[in-house]
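# Coordinate analysis (summary)
Below are the chains, spelled out letter by letter.
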Amino acid sequence: MTDTPATASTARPGRLSGKVAFVTGAARGIGRAQAVRFAEEGADVIGVDLCGPVETVRIDPATREDLDETAAAVRAAAGRFSAHVADVRDGEALRAAVAAGVDEFGGLDVVCATAGITSRGMVGELSEDTWKTMLDVNLTGVWQTTKAAIPHLIERGSGSIVLVSSIAGLRGLYGVSHYVAAKHGVVGLMRSLAQEMAPYGIRVNTVHPTNVNTPMIQNDVVRGGFRPDLETVTLEQFAESAKTMNMLDIPWVEPVDIANASLFLASDEARYITAITLPVDAGSTQR
């Protein structure tokens, strides 16, 4: 049964009251946190996730069950959730997902391009497939996300696009050149897109997290990269090493910290903020 599109009379109170948000990578981690925080602030959410493996990634992927958990959390926050399984590399699938969500909820106001992958490798050791897949997902996938959403934002006559980059979009990091290149590319895309969208009243910004407490870092692959001297790395050992990246005495931030920054950029509180790079990094980029 299709829900009735949000209207002024049915909108819930909050900073995103009556708004519709499109979030990629919504099954878990930062994407789930964004979906739930937005719902808590009055938004309905179109959530997309691959819910399956990416060929060059060694960590466990999100699942359809994860996406269903996000849907339940959004609904528990009194929001509506339109769930779609799609690969951000597939522009046609993204456009279909957005169109279905817009038909269901009546429009689109906020976009969060959050889906991403991680892998490791020195420049001289990366395979062509590993390099290409990283850029295809973490950069081209962001472009595909914005391309799918822009016509609906223009039709609305306003909106906010939040691209999730990384501290790796503002500085170099050891052993992840492909990730750094993709995340720097997201910043370039944002800066050009902000100029293109300004005449339509649409704002575009990037958020730059340090390590975030999600499955993307809480796995043996990433822990081993921080402590290659150890055969098995405990959570405590990983935390001690991760702290060295940040100015504040913490190993990582939580997904809700990135969701709160995204919420600010999506809200009218940031109505004149566009083309900025917003670090949520415990001082990492200034260390």
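Residues numbered from 1 in each chain as written. Predicted model: local features only at pLDDT ≥ 70, side-chain atom pairs only at ≥ 80, totals over all residues. Heavy atoms only, no water.

With that settled, the discussion passes to the pattern of salt bridges. Tallied over the full model, the rule gives 15 salt bridges. Residue D87 pairs with R89 through a salt bridge whose shortest N-O separation is 2.8 Å. In this structure, K132 engages D136 in a salt bridge whose closest nitrogen and oxygen atoms are separated by 2.8 Å. Of the two residues, K132 and D136 are both situated in helix α4 (residues 128-156); the distance of four residues between them amounts to about one turn of the helix. Given a relative accessible area of 22%, D136 falls into the partly exposed group. Connected through shared salt-bridge partners, R15, R37, E40, E41 and E269 make up one network. (Salt bridge = Lys/Arg side-chain N within 4 Å of Asp/Glu carboxyl O. Helix = DSSP H or I, 4+ residues; strand = E, 2+ residues; numbered from the N terminus. Buried < 20%, exposed > 50% of the residue type's maximum accessible area, 1.4 Å probe, protein only.)

Okay, the environment of V102 next. With respect to the helices and strands, the residue V102 is situated in helix α3 (residues 91-105). For the pair V102 and V137, spaced 35 residues apart in sequence, the C-alpha to C-alpha distance is 24 Å. Those residues within four positions of V102 in sequence are excluded, and the remaining contacts are I46, G107, L108 and H152. (Contact = heavy atoms within 4.5 Å.)

Aromatic ring pairs: the centre-centre distance and the angle between the two ring planes describe each pair. On inspection of all chains with the given rule, the structure shows two aromatic pairs. Both rings, one in F238 and one in W252, keep their centres 5.2 Å apart while their planes meet at 40°; by these two values the pair is tilted. You can see F238 sitting in helix α7 (residues 235-243) and its partner W252 sitting in the loop between α7 and α8 (255-266), a full 14 residues away along the chain. For W252, a relative accessible area of 13% translates into the label buried. Three or more aromatic residues joined by ring pairs form one cluster here, namely F226, F238 and W252. (Phe/Tyr/Trp six-rings, centres within 6.5 Å; stacked < 30°, edge-to-face > 60°.)

By the secondary structure assignment, S267 is in the loop between α8 and β7 (277-280). The class of S267 is buried, set by a relative accessible area of 1%. Polar side-chain contacts of S267 include one of 2.9 Å to the backbone oxygen of F264. Discounting residues that sit within four places of it in the chain, S267 has contacts with R15, L16 and R203. (Polar contact = N/O pair within 3.5 Å; in protein donor to acceptor, adjacent residues only side chain to side chain.)

Bringing the environment of A113 into the picture now. Structurally, A113 can be placed in strand β4 (residues 110-113). It is 21 Å that separates the C-alpha atoms of A113 and Q218, two residues lying 105 residues apart in sequence. Residues within four places of A113 in sequence aside, it is in contact with T24, V142, T145, V162, L163 and V164.

The next thing to look at is the pairing of strand β6 (residues 202-209). In terms of burial, β6 is largely enclosed, as eight of its eight residues are buried. Residues I202, V204, T206 and H208 line one face of β6 and the alternating positions R203, N205, V207 and P209 line the opposite face, and both faces are buried. Relative to β6, strand β5 (residues 159-164) runs parallel, the two being bridged by six bridges. Opposite V162, over in β6, you have N205 as the bridge partner. (Pairing = 2+ DSSP bridges.)

The next thing to look at is the domain arrangement of the chain. Taken domain by domain, the chain comprises domain 1 (20-211 + 254-280) and domain 2 (218-251). For domain 1 versus domain 2, the separation of C-alpha centres amounts to 26 Å. Every contact between the two is made by eight residues of domain 1 and, on the other side, eight residues of domain 2. A buried area of about 710 Å², summed over both sides, lies between domain 1 and domain 2, and 61% of it is on carbon and sulfur atoms. At the junction of domain 1 with domain 2, the criterion picks out zero salt bridges. Between the two partners, domain 1 and domain 2, sit one residue pair in polar contact (both at pLDDT 80 or more). (Domains from an automatic or database assignment. Buried area = accessible area lost by both parts, 1.4 Å probe.)

This paragraph deals with the nonpolar core. By size, the foremost hydrophobic cluster in this structure holds 42 residues, and its most contacted members are F22, I46, L108, V111, I161, L163 and V204. Broken down by secondary-structure element, the contributors of at least two residues to this core are β1 (20-24), β2 (44-49), α3, β4, α4, β5, α5 (177-197) and β6. Among the elements that make up this core, the one with the highest residue count is α5 (ten residues). If we skip the residues at most four places from it in the chain, V111 touches F22, T145, A149, L153, S160, I161 and V162. One finds L16, A62, V110 and V207 within the second-largest nonpolar core, a separate group that totals 32 residues. (Core = buried A, V, L, I, M, F, W, Y, C linked by side-chain atoms within 4.5 Å.)

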